[in-house]
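Inside the fold
What follows is each chain in one-letter form.
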Amino acid sequence: MRTFAAAGAGFLLAVLWFDLMFDVQTLGRRKGELPEPVLVSIATYYRRVTTAARPMNRLIAAVMVATLAAIIVEIAREERPRWVAWASLALAAAPILLAAINTVPRAVRLGARADPLSRQSVLARSICRDHLLCVVSIGALLTLQLAAA
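These remarks concern the structure in this document. (Residues numbered from 1 in each chain as written. Predicted model: local features only at pLDDT ≥ 70, side-chain atom pairs only at ≥ 80, totals over all residues. Heavy atoms only, no water.)

Things to note about the nonpolar core
Our working definition: In plain words, nonpolar cores are sets of buried Ala, Val, Leu, Ile, Met, Phe, Trp, Tyr and Cys residues tied together by side-chain atoms within 4.5 Å. Three exposure classes are used, based on accessible area relative to the maximum for each residue type with a 1.4 Å probe and protein chains only: buried under 20%, partly exposed in between, and exposed over 50%. Under the scheme used here, helices are H or I runs from DSSP no shorter than 4 residues and strands are E runs no shorter than 2 residues, and both carry numbers assigned from the N terminus. Should any heavy atoms of two residues lie within 4.5 Å, those residues are counted as being in contact.
If you look at the biggest cluster of nonpolar residues, it comprises 19 residues, and the most contacted ones within it are I71, I138 and L141. Broken down by secondary-structure element, the contributors of at least two residues to this core are α1 (2-23), α3 (58-77), α4 (82-112) and α5 (117-147). Once residues within four sequence positions are removed from consideration, I71 is found in contact with A5, A85, S88, L89, A92 and L141.

Thoughts on the packing of aromatic side chains
Put simply, the test is: Classification of ring pairs rests on two measures: the distance between centres of Phe, Tyr or Trp rings, Trp counted by its six-membered ring, which must be within 6.5 Å, and the angle between planes, read as stacked under 30 degrees, edge-to-face over 60 and tilted in between.
Taken as a whole and assessed by the stated rule, the structure comprises two aromatic pairs. With 4.2 Å between their ring centres and 10 degrees between their planes, F22 and Y45 make a pair best called stacked. Of the two residues, F22 sits in helix α1 while Y45 sits in helix α2 (residues 36-52), which places them 23 residues apart along the sequence. Residue classification places F22 among the partly exposed positions, given a relative accessible area of 23%. Y45 sits in the buried class, given a relative accessible area of 9%. With 4.9 Å between their ring centres and 70 degrees between their planes, Y45 and Y46 make a pair best called edge-to-face.

Below you can see the structure in the form of C-alpha cells.
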C-alpha cells in the first residue's frame, strides 16, 4: 500500500505544481485588484481544469480518494509504525479537505469570471494561499512515505 500512497502523493504534488505555475502571478500583489492579464491567465486555466476538462478533472478527485484509502489500509494492516501511518493520514486529509471545501469551489467560481474584478482578485489570492499550504503538506506526505519505506 505504501507504493500506492506515495504514487498518489506524487501525482497530487505534480497537479499542485501546475496550479502554482498560474497562482504565483498573485504573489507580490497583496492589495487591490490584480491586473486584468493576470486574472485572465489564472481564470482561464481554472475554467479549463475545473469545468472544460470533464471527465478528466474527476481523475484528481479519484486519486485523492485512492491515496486516502491506501493510507487507511496501511493503518489497518499495521504496515508501518503507527506514527508514520497516522501522520500520513493527517498530511493527506488536511489538504484534500481544504481542496474539497474551499479551493475547488473558488477555482470554479474564478473560472466563471462572473464576479467583479475585486472579488476575482480575492479568489485568486485565496487559491494561491491554499495551494501553497497544500504543496507543503503533500510534499511532507511524499517525503514521509518514501523515507519510511
